Every structure is written in C-alpha cells, then in structure tokens.
Amino acid sequence: GIGANVGASRGHQTLICGMGGCAPLLLLALLCAWVRGKPMENASVVNGSRLDSCLPVSPHLIVYNRVPKCASSSMLALLGRLEQDGELSWVHSKEYTNRVWWSDDEEVKVAKHIMHRAMLARESQRAKKREVLPVVYDQHMRYVDFSHALYSLEARYLFGEIPPTLPGPSPIPPTTPLLAYINVVREPVDRTVSSYYYALSDNRRKEKVQDALNRRGPESNLTVDECLALPEETRRCGFRGDGNLMTAFFCGHRGACRCVGPGSQPCSEDERRRALLLAKEHMEKYTLVGLQSRLEDTMELFSLLLPPFGQMADFKAPRERRTRYPTPTAWARDQITAWVALDVELYQFAVTLFEQRMATCLKRFS
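Only a predicted model underlies this, so the values are computations on that prediction, with no experimental measurement involved.

1. Considerations on the overall build of the chain
Right, on to step 1. From N to C terminus, the chain includes 13 helices and nine strands.
Right, on to step 2. Taken over 366 residues, the chain has a buried fraction of 49%.
Right, on to step 3. Only carbon and sulfur atoms are counted for the fraction: they give 51% of the accessible area of the chain, which is about 18,200 Å².

Below is the structure:
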C-alpha cells in the first residue's frame, strides 16, 4: 500500500518497507540526520515567490488553501478542466477548518495526510499506466507548514525522492521543488460583504444555510448596514469578534496566529501585529497569490509560473454579475474597514507582490 511500514523485520535487521522495497533502519537514521541538517524550506523543497524571477517550476504537489469568497468558483472550474484535459491530478477537500488551530504535532499529521492523499492520486495514475502528473490539493484551511513533514524520511520516501537502496544525500535537483503554494485574494471589504450575504445563499448546502439562520435568529434578513447599526455586544447577525480571516489563512496555526480570524482569542495589539507579519512572511513563500480583481492577469501568471496551468492563459474573466444584495453605504464600508484592518494591510501587501511579479514577467515575455 501507500506509505512506509516502520518496523518490518527480516532476520535481526529492522527495515523500512514501502512501495519499492525495504531499507535498513540505520540508513533511515543516517538519512534523517542528513536532511535535518539542511536549511528548512530551501529551493529544493518549497518554491517561494522569487519576485525577480519568472522561471516556471514543476512541483510534485501544489497546495491551494482557498480563502473563502475569493474567486473560488472560477478556480475550481479551471482545475476541473485541467484535470479532465490530463494536465494535472486534482484532490478537492470539502472540509472547512478556518476555526481550528492545530498543535505542532497535529500540523505535521495534517501535512502528511495531504501528501498521503496526493500519493494516492499519483498511484491511481500509475495503476492506469498514465503519465504521473503533479497533484493540486485544495481546501478552505489556514496555512500549513510542511517543512517538518517534508523532511521526514517517510514523506521523501512517499514522493520517491530517496530510493531505499541508495545511501547518501537525496538526488533531488535543487531546481525541482516538492511543493508550491498558491492562492487568490480579494479586496477585504468586498470579500466580507459577499461572505455576509453568501451565508444565506441558495448556492450553499441546506444544512449550512440552516446553521446561519439558527445563528442569526430574528436578525437573519438584515442588510449589512442594518446589522452594523446594532450594538456589537448583543447583535447576532455578524461582525463580532475578529474579522481578519485572510490574515488568519496566511498566518497559520502557531503563536500569534491564534490572535486573528474567526474564533480568535483576546490578544494585545503587538501580538496581532506579529500575526500580520507572519502572514506576510508566509505569503512571500507562495509561487503566486493572485487577485480576484485582476483574474485574467492572475491566470496568465499561473500559466507562466506553473506548467500544469498552461491553459489558464486562455481564461476570460466572466462578466461581473449584478449583485443580488444591497450595496453597503460609505459608513458601513468604513465600519468594516476598521473591523478587517489587518486584512486591508495584508491585501495591499499582496497587491504589491503581484505588481512586482507582473512587471518581472512582462519584461521577460514582452
């Protein structure tokens, strides 16, 4: 099966057994010691956003931790088309874990679980004697730090990068990252307003809509302006707690990250600023963070930077749909801007990174 079976015994020798055979446990220890001595998340493992480069990368696994209400429908439709056309293998998760924080050990388990699902997809391709394609994994979830899981021997063994019979360093070329992150973001006030009305949308599953109705009670049909006009301490319709969901999605699970986003704990302003700085650091590791407001440019950059996404260059953004909900007043937008202040700053940072990457790629391909 997929994975490594630790502890199989042949005579007096303890072995690691997996898809291609077995390796002595001593070799495991030596290899683990070698990889642990290397810098975390270097170019051979995680592809960062290298704003001065427009060179394409071909990772084994592309992780898309989708921020809600940020061009998800367009992105998922395109991923489905690319899989159907044989450009990539797509693993779609319907789990929504934005309110869950993981411990370090839990985060490693989640990272291994994602890689395990990716390997199941690749093994399915091999079983059908098809070309082994890169895997895209998408889920509504906070940033996951893969560094510790990627440097575990079982992860490298699952990816086939350390043949169990070869001693010494891994033969991975430094230009072949195992993993790339991607995402798309949206102007935070627009995203928040869209999310408010989407909670009761006919496009959601019935149980999700019912949860929202139960939560909002008699305030379910209020507009954004009407909801914000109610006292925060008693209103049920929304806009309570911390609204910086985008910051939470890029910050992740550790330390100050628990100070931002839905369900966050009370923290000092310094701690919240640390969460924002960490979100920015993580964002710089992404191969690309696109913009919903510039979706065609986003797709063109995806096509240049990630070969499996080559067909995205032909993408034409759909006509902007007329909103079915009232437009918030300037007063309401100001209230929401204050509520998602960290997201506003993070979005401006994302726009800067995007513009720099566009300038680099346009200069190269002009």
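2. Some words on the side chain of Asp 242
Right, on to step 1. Relative to the assigned elements, Asp 242 resides in the loop between helix H8 (224–228) and helix H9 (245–251).
Right, on to step 2. The class of Asp 242 is buried, set by a relative accessible area of 11%.
Right, on to step 3. One polar contact links the side chain of Asp 242 to the main-chain amide nitrogen of Asn 244, over a distance of 3.0 Å.
Right, on to step 4. A distance of 2.8 Å separates a polar atom in the side chain of Asp 242 from the backbone nitrogen of Gly 261.
Right, on to step 5. Sequence-distant contacts of Asp 242, defined by excluding residues within four places in its chain, comprise Cys 259, Val 260, Gly 261, Pro 262, Ser 264, Arg 272 and Trp 339.

3. Re helix H2 (residues 72–84)
Right, on to step 1. With 13 residues, H2 extends 18 Å from end C-alpha to end C-alpha; this agrees with the ideal 18 Å at 1.5 Å per step.
Right, on to step 2. Along H2, the residues classified as buried are Ser 72, Ser 74, Met 75, Leu 76, Leu 78, Leu 79 and Leu 82.
Right, on to step 3. Buried residues along H2 sit in contact with strand E5 (61–64), strand E6 (89–96), strand E7 (135–140), strand E8 (179–185) and helix H11 (295–305).
Right, on to step 4. Just downstream of H2, Gly 86 is the residue with a positive phi angle, here 75°.

4. Regarding the pairing of strand E9 (residues 288–291)
Right, on to step 1. Residues Leu 288 and Gly 290 of E9 are buried on one face, and the alternating residues Val 289 and Leu 291, pointing to the opposite face, are buried as well.
Right, on to step 2. Alignment of E8 against E9, held across four bridges, turns out to be parallel. Bridging from a neighbouring strand, Val 185 pairs with Leu 291 of E9.

5. A short note on the nonpolar core
Right, on to step 1. Among the nonpolar cores identified, the biggest contains 72 residues, and Leu 61, Phe 146, Phe 250, Phe 302 and Phe 309 are the most heavily contacted of them.
Right, on to step 2. Ranked by residues supplied to this core, first place goes to helix H13 (residues 341–365) with nine residues.

6. Side note on the confidence of the model for the chain
Right, on to step 1. Predicted confidence across the chain gives a mean pLDDT of 80, with 75% of residues reaching 70 or more.
Right, on to step 2. Note on residues 1–44: pLDDT is under 50 here. Beyond four places in sequence and across chains, it has 86 contacts.
Right, on to step 3. In this model residues 162–175 is a low-confidence stretch, pLDDT under 50, and it forms 25 contacts with partners more than four residues away in sequence or in other chains.

7. Points about helix H10 (residues 269–283)
Right, on to step 1. Taking 1.5 Å of rise per residue, the 15 residues of H10 would be expected to cover 21 Å, and the 21 Å separating its terminal C-alpha atoms lies within 8% of that figure.
Right, on to step 2. Buried within H10 we find Arg 272, Ala 275, Leu 276, Ala 279, Lys 280, His 282 and Met 283. Each buried residue of H10 lies within a common arc of 165° when the element is viewed along its axis, so the set occupies one face.

8. Remarks on the environment of Arg 66
Right, on to step 1. Position of Arg 66 among the secondary structure elements: in the loop between E5 and H2.
Right, on to step 2. For the pair formed by Arg 66 and Asp 138, sequence separation is 72 residues and the distance between their alpha carbons is 6.5 Å.
Right, on to step 3. Setting aside anything within four residues of it in sequence, one finds Arg 66 in contact with Ser 72, Leu 76, His 92, Ser 93, Asp 138, Gln 139, His 140, Met 141, Asn 183 and Phe 249.

9. Topic: the environment of Thr 223
Right, on to step 1. Summarising the element assignment, Thr 223 is placed in the loop between helix H7 (206–216) and H8.
Right, on to step 2. Residues Thr 223 and Pro 326, 103 residues apart in the sequence, show an inter-C-alpha distance of 7.0 Å.
Right, on to step 3. The residues contacting Thr 223, other than those within four sequence positions of it, are Tyr 196, Tyr 197 and Pro 326.

10. A word on the pattern of salt bridges
Right, on to step 1. Enumeration according to the criterion identifies 13 salt bridges in this entry.
Right, on to step 2. Of the charged contacts in the structure, one is a salt bridge between Arg 272 and Glu 269, with a shortest N-O distance of 3.6 Å. Of this pair, Arg 272 and Glu 269 both sit in helix H10, three residues apart, which is roughly one turn of the helix.
Right, on to step 3. Judged by its relative accessible area of 18%, Arg 272 falls in the buried class.
Right, on to step 4. Residue class for Glu 269 comes out partly exposed when judged on its relative accessible area of 46%.
Right, on to step 5. Through salt bridges with shared partners, a single ionic network connects Asp 104, Glu 107, Asp 145 and Arg 254.

11. What about the state of the cysteines?
Right, on to step 1. In total, this model carries four disulfides according to the counting rule given.
Right, on to step 2. Two residues share a disulfide in this structure: Cys 227 and Cys 237, whose sulfurs sit 1.9 Å from each other. Since a negative S-S torsion denotes a left-handed disulfide, the Cys 227-Cys 237 link at about 95° is right-handed. Placement of Cys 227 in helix H8 and of Cys 237 in the loop between H8 and H9 is noted, with a sequence separation of ten residues between them. Across the pair, Cys 237 and Cys 227 agree in class, each one buried.
Right, on to step 3. Put simply, Cys 259 and Cys 267 are joined by a disulfide, and their sulfur atoms are 2.1 Å apart. Across the disulfide from Cys 259 to Cys 267, rotation about the S-S bond amounts to roughly -75°, and the bridge is consequently left-handed.
Right, on to step 4. Exposure remark for Cys 259: the relative accessible area of 3% places this residue in the buried category.

So, how was this worked out
Residues numbered from 1 in each chain as written. Predicted model: local features only at pLDDT ≥ 70, side-chain atom pairs only at ≥ 80, totals over all residues. Heavy atoms only, no water. Helix = DSSP H or I, 4+ residues; strand = E, 2+ residues; numbered from the N terminus. Buried < 20%, exposed > 50% of the residue type's maximum accessible area, 1.4 Å probe, protein only. Areas by Shrake-Rupley, 256 points an atom, 1.4 Å probe, with all protein chains shown as cover. Polar contact = N/O pair within 3.5 Å; in protein donor to acceptor, adjacent residues only side chain to side chain. Contact = heavy atoms within 4.5 Å. Expected span 1.5 Å × (residues − 1). Pairing = 2+ DSSP bridges. Core = buried A, V, L, I, M, F, W, Y, C linked by side-chain atoms within 4.5 Å. pLDDT = per-residue confidence, 0-100. Arc of directions from axis to C-beta. Salt bridge = Lys/Arg side-chain N within 4 Å of Asp/Glu carboxyl O. Disulfide = S-S within 2.5 Å.

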